[in-house]
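Observations on the model geometry
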Amino acid sequence: MRRFIPVFATFAVLIALFATASGMYERFFTARVIANLFSDNAFLGITAIGMTFVILSGGIDLSVGAVLAFTMTFIASMITDHSWHPLVAIPTALIIGTVFGGTMGFLIQRYELPPFLVTLAGMFFARGMAFMVSSESISIEHDFYTALQDLKIVVGPKAKLKIGAVIFLAVLALAIFVAHWTPFGRNIYAIGGNESSARLMGLPVASTKMLIYALNGFCSALAGAVATLYMGSGNPAMGVGLELDAIAAVVIGGTLLTGGVGFVAGTLGGVLIFGTIQSALIFDGRLNSWWLRIAISVLLLIFILLQRQLSRFTKTSRT
Amino acid sequence: MNDPMAKPKEWFQGGSLVWPLLGLVALLAYDFLFVDGFFRLEVRDGHLYGTLVDILNQGSKTMLLALGMTLVIATGGVDLSVGSLMAISGALVAVLVTQTEMSLAMIVPIALAATALLGAFNGVLVSVAGIQPIVATLILMVGGRGIAMLITGGQIVTFEHAGMVYIGNGHFLGLPFTVTLVLVMLLVTSLLMRKTACGLFVEAVGDNETASRFSGVSTRSVKLAVYGFSGICAGLAGLIAASNIKAADSSRVGEMMELDAIFAVVVGGTALTGGRFNLLGSIIGALLIQTLTTTMITQGVPPAIAPVPKAIVIVAVCLLQSEKFRAEIGGRFGRRASA
Amino acid sequence: KPESTTTTAPAPSKAAPTGESTLVVGFAQVGAESSWRTAETQSIKEEAAERGVELKFSDAQGKQENQIKAVNGFIAQGVDAIILAPVVETGWEQVLKDAKDAEIPVILVDRGLKVSDDSLYATLIASDFVAEGRMAGEWLAKKTEGKASIIELQGTPGSAPAIDRKKGFADALKEHEGMKIIASQSGDFRRSGGKEVTEALLKVHGDKVTAIYAHNDDMALGAIQAIEEAGKKPGTDILIVSIDGVRGAFEAMVKGTLNCTVECSPLLGPLAFDAVEKAIALDEQPKKTIVEDQVFDQSMAEAVIDSRRY
Amino acid sequence: MADALLALREIRKEFPGVVALDKVDFNLHAGEVHAVMGENGAGKSTLIKVITGVYPRDAGSMELDGKSLHPRSTLEAEAAGISTVYQEVNLVGTLSVAENILLGRQPRKFGIIRWDETRRLAEKALARLGLELDLSRQLDSCSMAIQQMVAIARALDINARVLILDEPTSSLDEQETAALFKVMRQLRDEGLAILFVTHFLDQVHEISDRITVLRNGALVGEYKTVELTRMQLIGKMLGREPEALQDKSTGSKWAAETRDEILRGEGIGRKGSVHPLDLSVRRGEVVGLGGLLGSGRTETARLLFGIDAPDSGRVQIDGQAKSLNHPRKAIANGLAFCSEDRKGEGIIPNLSLRENLILAMQASRGPVRLLPSAEQEQLCAHYIDALNIKTPNAATPICNLSGGNQQKVLLARWLAMQPRLIILDEPARGIDVGAKAEIEKLVRSLREKGMAVVFISSELEEVVHTCDRVAVMRDRRKVGELSGEEITEQRIMDLMAHHE
Ligand SMILES: Nc1ncnc2c1ncn2[C@@H]1O[C@H](COP(=O)(O)OP(=O)(O)OP(=O)(O)O)[C@@H](O)[C@H]1O
Ligand SMILES: Nc1ncnc2c1ncn2[C@@H]1O[C@H](COP(=O)(O)OP(=O)(O)OP(=O)(O)O)[C@@H](O)[C@H]1O
Ligand SMILES: [Mg+2]
Ligand SMILES: [Mg+2]
């Protein structure tokens, strides 16, 4: 049970945050705001889930935002400019993302390159390719797509979960399952906990590492697809800095950047904390550009400290 | 721990400057062959003038950031806030220079003290509060820019103060003054690290924090110090950036420069996992990235796809440094797997 | 002179706030990335205060996703109207539909959108970026009598002004054989970017360069410094034309270092709130109001500099 | 004798500056326990890592069951039927005990891990070693001994033909060693080939059938255990006649009462770790802490050294109350602590031997006054010589030293400080016979000069032999204290196993 404390702490902080905001702003505590929280942060959430795996393995991936942008632009361009059917365009984009991630994983694993640099290069590359596909944002015009976009689950008065949010939740459930009930998931934890041990224990370190980055490439591409559903367009400049948001969400969710420790479920908490802070500041609406930035950072700081304090409660004697 | 894989991420012993240098030389060779006038140097108004000089001058900011970042990374951390700290020091200086009568001898220390303090604040978050470095410094990365904009009221504050203008545009001994600044900082840092025990402590903390603490090293102070130092370096870089354009552009200055700095450090032979570091390597790494940027501008690479060649160069340099890759390519390095 | 759908940016209104229950208006701004942008924000805030409107301000830090979140937030909050300065042209369909369903009028400022259904927004108050680029090109053509080797300093890749101002300028150049863009690089709308790029390009292209066209004033101001350091006279040896018309550009023109700037007025507050009020009252209003851009060159700079408000 | 199951011919392995193995032949037969013996740095671990594919060999051939063997990773070695426990515990500290045992081999159904089954199997594997543990406990929070047991349980659980154990018993106490030996015998009788490395000579004679001795990377010879006496074995390992290694004098018995008390702890304890206890150590005295696995000896040491802050009681140094809440303070008060966890809490792996050696001294001097390099060199030279540390030079990264030599460097780190009180937690872990005697001698000579020692060891013999007083612990509680003539293995064991 003790292992779950950081996750509980994350959700406790989330609830505290949400309660405070609800107290301060009218109409904050509504089903609509909560549903929006999921819909608006769906693609951040999906990248954060992929990122959770990477971080659990002790790595990092800076390319997620750029891969998302590439996927969006690719899908939009294929559908609008080249009249592909969405059901062709989206899977193709997902495959490209997966292969791209896998390639980075290969370089990292095979040549023992630092993930930071390889994925930094991946970020530049994917961003450049996004602009190569189209230097402007493209809107997607396709009846099937519009129909997809309009799919939603009504969860309350004026509150609906859009298709993106539904995909996000599905990915979340799947990721939790993979992390905790499959050998692949456990190997990720082992590699992150101690890579040399994992190797000496005879775990398939090489293939697992490659798979992790491939999986994350897939998640980034899926996030890109979800983003096109969210906005109905592809924007090559989208997702700049998304990687940092995703990393922050993962870490706020109680996962250690050193690898091996953390939970996918915590990441959900991290994403929602992030989103709630943003929503609360939008509801406030009184801060100018600089106070807004200062406020975001101060709130982040407060809630990270709170989360740490809560999870420290039961720290075992030896660390 | 006598097994070879205990640190698989360790990629090569901090020490070898050969590979980053080779990368730099290769790039310069390309420029020599394909870019007209890249190596043209002339003397104008008593100082050197040419693309190479520009690279030194423009690269000085990244070099300074990389110096501070090297130590932070050596302790196993990372500092994302350097860009925002640049903005803060630039903003402070611009505002003080234009709105007060203070002399530069007062203003510069004030600005550097401010960024040092903010850097130390990062250090507190990391070492005392135990927040992970990426997130701890992300806080100041976001908030610091807010502070900088607060100082300038969101405006671009321009100045004409001769002393301030000199820092980023002046010349000393025929070279941009920034070169002297970088050299002095490099020298001071190297001396500090090698002639005192600071370097030992930094490397020990980065390599095995627990063991260092058990040996009586004050790991907290070490971390506070390196983040503070990184703050000072960022402050200096901010001064140069502001001086360069005779203005404090607090909302844009230093954006994404943290990535350049980290790139420089890692290419220069300091592993992100901490431990051994190499200051000179970081400087070379910074030069590499600046040369690349300048090359792309002069080569007329369309800006939208400019990241692609950048990516290729990064991967190429990485592969060059990978012993495994060299072994695979060269073959004659034998099948000796890297330790 | 102005056409029926164009207008110059009017002075802020001095009307006293109406006594009725205050309007709540959300403003989804792109960010605070340039002096032009902050001037626009300022104008809208001042006008809101002037009219006693409660303004909900959101800064998206340059990200479309944040802007969409902001609009969604405004809708959830039940504001009376939304002013949106879209960061790019596409991708707004869904969120505008939601606004429409909630019966909240959306007023677009500074650039248009591509949406399938015009009724998704109430009106657009915008500058014509393409026209700005064209005006800059035409001015330069006239000044140089159709002969120039030009360095173009582009804005941030992918951003609407960068795309349109490039397009407009290229259009203008088509008619003049002798005008060539010899290099076109991005200075990212930054002063430092303008300087770094110019510095590097001057070394390579040396004396060939006769003119510089910058997508915004900040980059032009950076370029001026680079030219000076290269031992040339900006404004004389190399002509410089840029867009925006911020105060710094006028100062440079007075000094003779900048030749021309095309004004793109950020003072949209009064127009925006007029539109807001009309939209709420369901009054007729044109779908599109183009704020007329004006070309200023050195000869006019001295006269107008004191009246510049941003 | 029949053909060997695993046959190595003329194996050579070279590291920069060191020839770790030179033309080494080795034969391992099915159904035998084969001990590989040698001094620290003789090449035992390297031999093992060559077998399991961690290091590629530079020359020579290997055959397993007549087929040539070329493992490129442990994964391949395991697939070929070789299961290994490496010298340093190689497990994942952030995972639970149960997972560590079954990682990579979890029972699953449709690819889904069956956790209940996993726990059951883990329980079974541990039970085989006579161990009952909280399976969901994070491995990191367990003591070294338990970690070692878990590693062994994992290796035994793999269906293998060859089992390799590199110093598995280095931090085990007698009971666990016995349990391990029982399983080893059983496996041997089932036809497994077992390679066993240890520095405990008794254990070699107790369990092994044959012995291969290495010295300086070269093969000395292969012997039947029964044909080699203890003294002969030592002679072969050291390459010279063993002199008075067993210096039987138990040291001067100090008239303890007349000596000043250096450290006095009254009621020090910490919730969840050790119950409040009293402990005093006098000048020139060696105080042992006895107890079973996890009885709280290490935890007590950590409290004394300020690693974990005690939440009850007080500590006096020289009669003055002190609050030692950071190792730095403890060091400033003349304390030193040599941890049992060499890898995690001891060495700074990528720094050189010299830097590792001077670290504590430099830390106490502060960052500014760098120890002059002449002095550094002199210190290194002194300790390399005094402790017989095997290394190319002082600039070698410590991670390239053999385990035992690393341990010696760590000892040197503390001895160089000339502390007034040193806490040695399993100091002999992984150290060869010669070195053990050296260290004992050194400790005695320091004691002669008035140093006090807190001595923690799982080897009762060593405790009896070295200590002037022994505090015995059970269930993280001090249950008694023995001094002088009372100190016998029997008395300690009685206390440990709770008939008072
Ligand atoms: N990765 C390495 N790089 C360089 N030298 C090494 C490396 N590993 C071991 N050595 C050297 O090889 C020699 C043999 O080491 P090995 O670990 O095999 O000794 P050992 O017999 O296991 O000793 P111990 O009893 O101390 O464990 C030592 O001199 C050691 O310094
Ligand atoms: N059987 C056990 N089950 C669960 N936890 C245990 C067990 N044995 C020890 N521990 C835990 O392991 C930790 C380490 O105990 P400690 O290291 O103080 O023991 P020790 O007496 O030094 O024994 P060792 O010889 O193992 O080092 C303690 O937190 C203790 O609670
Ligand atoms: Mg060994
Ligand atoms: Mg112990």
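Here's what I pulled together on the structure shown here. Everything numeric in this text was worked out from a predicted model, so none of it was measured.

**Overview of the overall build of chain C**
In terms of regular secondary structure, chain C is built from ten helices and 13 strands. Against the compact-globule benchmark of 19 Å for 310 residues, chain C has a radius of gyration of 20 Å, which places it among compact chains. Taken along the three principal axes of its C-alpha coordinates, chain C extends 65 × 40 × 30 Å. Expressed as a percentage of its 310 residues, the buried residues of chain C come to 65%. Within chain C, counting contacts between residues at least 6 apart in sequence, those at least 24 apart form 75% of the total. With an accessible surface of roughly 11100 Å², chain C has 49% of that area assigned to carbon and sulfur atoms.

**Quick look at the interface of chain C and chain A**
On the side of chain A, 39 residues touch chain C, which itself brings 37 residues to the contact. Buried surface at the junction of chain C and chain A, both sides included, amounts to about 3100 Å², of which 47% is carbon and sulfur. Its largest share of buried area at the contact with chain A, chain C owes to Glu65(C), Lys69(C) and Gln94(C), together 21% of the area lost on that side. The residue Asp59(C) makes a salt bridge to Arg293(A) at a minimum N-O spacing of 3.0 Å. Summed over the shared surface of chain C and chain A, the number is 16 residue pairs in polar contact (both at pLDDT 80 or more). With twelve residues, helix 2 (residues 64-77) of chain C is the single largest residue contributor to the side of chain C that touches chain A.

**Details of the arrangement of the chains**
Between all five pairs of chains that are in contact, chains A and B come out with the most contacts. You won't find any contact between chain C and chain D; their C-alpha atoms come no closer than 37 Å.

**Some words on the coordination of the magnesium ion (ligand 4)**
Residue and element names in this part refer to chain D. In the first shell of the magnesium ion (ligand 4), the protein supplies Thr298 (OG1) and Glu340 (OE), at 1.9 to 2.7 Å from the metal. Taken together, the residues Thr298 in helix 9 (residues 297-304) and Glu340 in the loop between strand 18 (335-338) and helix 11 (342-346) connect sequence positions 42 residues apart. This pair shows no difference in class: Thr298 is buried, exactly as Glu340 is.

**Section: the coordination of the magnesium ion (ligand 3)**
Residue and element names in this part refer to chain D. At this site the magnesium ion (ligand 3) is bound by Ser45 (OG) and Gln87 (OE1), with donor distances of 1.9 to 2.1 Å. Linking Ser45 in helix 1 (residues 44-51) with Gln87 in the loop between strand 6 (82-85) and helix 3 (97-102), this pair joins segments that are 42 residues apart in sequence. The burial state of Ser45 is the same as that of Gln87; both residues are buried.

**With respect to the packing of aromatic side chains**
All told, the structure shown has 24 aromatic pairs over all chains when counted by the stated rule. Ring geometry for Phe169(C) and Tyr213(C): centres 3.7 Å apart, planes at 15 degrees, overall stacked. Highlighted residues: Phe169(C) in helix 5 (residues 160-174) and Tyr213(C) in strand 9 (residues 211-214), separated in sequence by 44 residues. Accessibility classification places Phe169(C) together with Tyr213(C) in one group, the buried group. Cluster of aromatic residues (ring-pair linked, three or more members): Phe18(A), Tyr25(A), Phe28(A), Phe29(A) and Phe283(A). If you follow Lys203(C) out to its NZ or CZ, it ends over the ring of Tyr49(B), 4.5 Å from the centre.

**Some words on the environment of Leu80(B)**
The topology assignment puts Leu80(B) in the loop between helix 2 (51-74) and helix 3 (82-99). For the pair Leu80(B) and Met106(B), spaced 26 residues apart in sequence, the C-alpha to C-alpha distance is 28 Å. Excluding residues within four positions of it along the chain, Leu80(B) makes contact with Leu244(A), Ile134(B), Thr137(B), Leu138(B), Met141(B), Glu258(B) and Ile262(B).

**Details of the sheet that holds strand 22 (residues 477-483) of chain D**
All names here are of chain D. Read across the sheet, six strands follow the order 18-19-20-15-21-22 without closing on themselves; strand pairing throughout is mixed. Two strands in the sheet have a free side with no partner beyond their single neighbour: strand 18 and strand 22. Strand-to-strand twist across the sheet, computed as the mean angle between neighbouring axes with direction ignored, equals 15 degrees. Pairing between strand 19 (residues 421-425) and strand 20 (residues 452-456): five bridges, direction parallel. Each bridged residue has a counterpart across the sheet, and for Ile423 the counterpart in strand 20 is Val454.

**Overview of the environment of Gly403(D)**
The residue Gly403(D) is located in helix 14 (residues 403-415) in this model. Between the alpha carbons of Gly403(D) and Ser45(D) there is a distance of 8.8 Å; along the sequence they are 358 residues apart.

**Brief notes about the interface of chain A and chain B**
Every contact between the two is made by 45 residues of chain A and, on the other side, 49 residues of chain B. Of the roughly 4400 Å² buried between chain A and chain B, counting both surfaces, carbon and sulfur atoms make up 79%. The interface formed by chain A and chain B includes two salt bridges. Between Glu328(B) and Arg110(A) there is a salt bridge, with the nearest N and O atoms lying 2.7 Å from each other. Across the chain A-chain B interface, the total number found is seven residue pairs in polar contact (both at pLDDT 80 or more). Those elements giving two or more residues to the side of chain A that touches chain B turn out to be helix 5 (86-110), helix 6 (115-133), helix 10 (195-200), helix 12 (242-252) and helix 14 (289-312) of chain A. In terms of residues, the side of chain A that touches chain B owes the most to one element, helix 14 of chain A, which gives 13 residues.

Calculation criteria
- Residue positions are given per chain, counting from 1 as you read along its sequence in written order.
- Here every chain gets a letter starting at A, and every ligand a number starting at 1, in the order they are written.
- Whole-chain, interface and lining totals are the exception, using all residues; otherwise, since this is a predicted model, local features are given only for residues with pLDDT of at least 70 and side-chain atom pairs are given and counted only at 80 or more.
- Excluding hydrogens and water, the side-chain figures rest on all heavy atoms present in the structure.
- For helices the rule is a DSSP run of H or I covering at least 4 residues; for strands it is a run of E covering at least 2, with both sets numbered from the N terminus onward.
- Computation of the radius of gyration draws on C-alpha atoms alone. For the globule rule, the value is 2.2 Å times the number of residues to the power 0.38.
- Think of it in three bands: with a 1.4 Å probe and only protein chains considered, a residue is buried below 20% of the maximum accessible area for its type, exposed above 50%, and partly exposed in between.
- Contact criterion: two residues are considered in contact whenever any of their non-hydrogen atoms come within 4.5 Å of each other.
- Calculation of accessible area relied on Shrake-Rupley with a 1.4 Å probe; when residues are assessed, cover is drawn exclusively from the protein chains displayed.
- When two components associate, each loses some accessible surface as probed by a 1.4 Å sphere; the sum of these losses over both components is called the buried area.
- Any Lys or Arg side-chain nitrogen located within 4 Å of an Asp or Glu carboxyl oxygen qualifies as a salt bridge.
- Any pair of nitrogen or oxygen atoms within 3.5 Å is treated as a polar contact; in protein, a donor-acceptor pairing is required on top of that, and neighbouring residues in sequence qualify only through side-chain atoms on both sides.
- Here the term donor refers to an N, O or S atom within 2.8 Å of the metal (or 3.2 Å for Na, K and Ca), and because water is left out of the atoms, sites may appear incomplete.
- To pair, rings of Phe, Tyr and Trp, with the six-membered ring standing in for Trp, must have centres within 6.5 Å; the planes then decide the type, stacked if under 30 degrees apart, edge-to-face if over 60, and tilted in the middle.
- Charge-over-ring contacts are defined here by two conditions on Lys NZ or Arg CZ: a distance within 6 Å of the ring centre and an angle within 35 degrees of the ring normal.
- Two strands are counted as paired when DSSP detects at least two bridges linking them.
- Fitting a line to C-alpha atoms yields each axis, with helices limited to the stretch in contact; the angle taken between N-to-C directions then spans 0 to 180 degrees.

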